[in-house]
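# Structural overview
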Amino acid sequence: MATGGQARVRASSGPAFAVLGQRAVRTLEQGYYTGAGSWNGCLPLRCGTGNQDWGDDSLTYSLYFHWRLTHDRAVVPIMNALAGTAYRYTPGSSSWSDVPMWDTIADVREYQVTGSQSALAKAEAAFRFVAIEHEPDFAFGACPSVLYQQPGGGNRLKTLETGSNYIKAALLLYQVTHYQRYLQLAIAEYNAVRAYFLSPHVPLYTVYVFDRGRTCRQVPARYFGSVNGNMIWAGFWLARATGQGSYQQQALATAHAVQAHLADAAGVYTDLQAENDISEPLVEAMYDLATLGHQWFARQWLLTAAAAAAAAGRRRTGRKCRPGPPPRTPVTVWQVNGGLTVEQAAAALDPHGRPPQPGFWAHATFVRHELFLHYGPVSFTFTGRAVAIIGTIGEICCEAGHARVFIDGSQTFDQTGIWQNKSSSGLTLPDSVLFAWRWPRPGAHTITIRPGLANPKEGGPYFHMIGYDVVP
């Protein structure tokens, strides 16, 4: 890592989106894929392998996306191997409610590529585990139409990671089986999600609701890319399945809100600053709007996001779907899936196009400036057109500890802020990008970090940075 005043300058040839897409697929198939029906949890350092739940499943989704775009025959044996090692749910299995729904979607994608009846059977069993066999373990409380994440209610959290994936899983099963019951379940869950997770003043979905038995209350403005992407996708495909245009109107409203509100000052999509989300579902949904829905704004959103990912520079670990500099530490599947997918999308939409600023972060200077949040706010001021705060993800591993971020006095629209201690990989990852932001032109800016408001999921306040990258 550079010290104060030392700039990292690298030349960049600015490859076309087609080349970036090819590199993304190569990273996916030859880096993250183990060759044995599972995914590496991170690169370049190996941090375990697996084929279950949202991190691993997100790479299966990305591989399916590649097959959908190209019908590359080389994908078929990989998907067959993944289908073979996919978890088979039985009534006696033990799980949180969101895990089988992530898995159902992966299993259906494997079936769509391979035609494997075993993959389809695993998909139906995973969905049935939550929707039928164990529904009483999750569907109770003050708002029983949406499900607790933990059986028996656990910490009283109901998460849209369950609900939005439930809808997508049911719709995918309806698409491949034509069984009307799946469509009915998707519609019912969609209506319940809009009743409890849709924010009151903007058509975005917050991810957390606490059901304490008498009331159901949102944790406001936790706008995960995964769940908003799932709800855009759900509205688009429900409209096609039912002929009701209101679903598509709702999907478009959310997609426009993502473009308008979940971006930095330069208009670049910026996912929440934690290692607890995946961006692939949002990329997939925007691609459907851009191509099947003929929505120009969605096309531009994808190309802008792909250009920002390319601006971080090339690494064989892949890029993140956010506007920050290249990672210095191992890149986990939770971080990389969106970047791998958006580069494929850009290659399909504009193969000969080139990112306008491929070496953007090569001109960054690292400024050592340690700040530790105790009880009151901390801040730093700089002059530039981009900043990235550097610290350790999972510093006190692996969940509780977050902070709110204010840019020139205004809190970020997605109020997740910096959830520093959340590490889905279970690793402590030093020298990580905790937060990144860009502006159209250089200027003087102040970043203020305030204590996070305590709740049973995100914990209490925590923040520790060692310095920041600044692009002049």
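Overview of the structure. Please read all numbers here as calculations on a predicted model, not as lab measurements. For every chain, the first residue of the written sequence is number 1, and numbering continues from 1 along that sequence. Restriction of local features to residues with pLDDT of at least 70 applies here, the model being predicted, together with a cutoff of 80 or more for giving and counting side-chain atom pairs; totals for whole chains, interfaces and linings are based on all residues. Excluding hydrogens and water, the side-chain figures rest on all heavy atoms present in the structure.

## Remarks on the overall build of the chain
Of regular secondary structure, the chain possesses 13 helices and 16 strands. The globule rule used here is 2.2 Å times the number of residues to the 0.38 power, and the radius of gyration it is set against is calculated over C-alpha atoms. Its C-alpha atoms give the chain a radius of gyration of 21 Å, near enough to 23 Å, the size a compact globule of 472 residues would have. Of all 472 residues assigned to the chain, the portion counted as buried reaches 63%. Residue contacts follow a heavy-atom distance rule, with two residues in contact if any of their heavy atoms lie within 4.5 Å. Taking contacts inside the chain between residues at least 6 apart in sequence as the whole, the part at least 24 apart equals 76%. Areas reported here follow the Shrake-Rupley algorithm with a probe of radius 1.4 Å; residue values treat only the protein chains shown as occluding. A total of about 16,800 Å² of accessible surface is found on the chain, and carbon and sulfur atoms cover 52% of it. Considering the chain, the positive charge centre built from 38 side chains and the negative charge centre built from 33 side chains are found 6 Å apart. Helix and strand assignments come from DSSP, with helices taken as H or I runs of at least 4 residues and strands as E runs of at least 2, each series counted from the N terminus. The buried label applies to any residue whose accessible area, calculated with a 1.4 Å probe on protein chains only, is under 20% of its type's maximum; exposed applies above 50%, and partly exposed to all values in between. For this count, His and the chain ends are skipped, Lys and Arg are scored as positive, and Asp and Glu as negative. A single reference atom marks each charge: NZ on Lys, CZ on Arg, CG on Asp, CD on Glu.

## Things to note about the pairing of strand E16 (residues 464–471)
Here is the key point about a regular strand: its side chains alternate between the two faces of the sheet. Burial of E16 is extensive: eight of the eight residues sit out of reach of the surface. Pairing between two strands is assigned when DSSP locates at least 2 bridges connecting them. Sheet analysis places strand E10 (residues 365–372) next to E16, joined by six bridges and oriented antiparallel. Bridging across to E16, Thr365 finds its partner in Val470. Relative to E16, strand E11 (residues 378–393) runs antiparallel, the two being bridged by six bridges. When the sheet's bridge partners are listed, Ile389 is paired in E16 with Tyr468.

## Thoughts on the packing of helix H2 (residues 53–70) against helix H4 (residues 98–114)
Packed helix pairs are characterised by how far apart their axes lie and by the angle those axes make with each other. Packing of H2 against H4 leaves a shortest axis separation of 9 Å and a crossing angle of 25°. The orientation of H2 with respect to H4, classified from their angle, is roughly parallel. Regarding H2 and H4, the two cross each other, and that crossing is left-handed. Contacts from Asp53, Trp54, Asp57, Thr60, Tyr61, Tyr64 and Trp67 in H2 reach Val99, Trp102, Asp103, Ile105, Ala106, Arg109, Glu110, Gln112 and Val113 in H4. Each axis is a line fitted through C-alpha atoms, taken for helices only over the stretch in contact, and angles between the N-to-C directions span 0 to 180 degrees. The labels follow the angle: roughly parallel below 35 degrees, roughly antiparallel above 145, roughly perpendicular from 65 to 115, and oblique for the rest. Left-handed describes a crossing whose near helix is turned anticlockwise from the far helix through less than a right angle; right-handed describes the clockwise counterpart.

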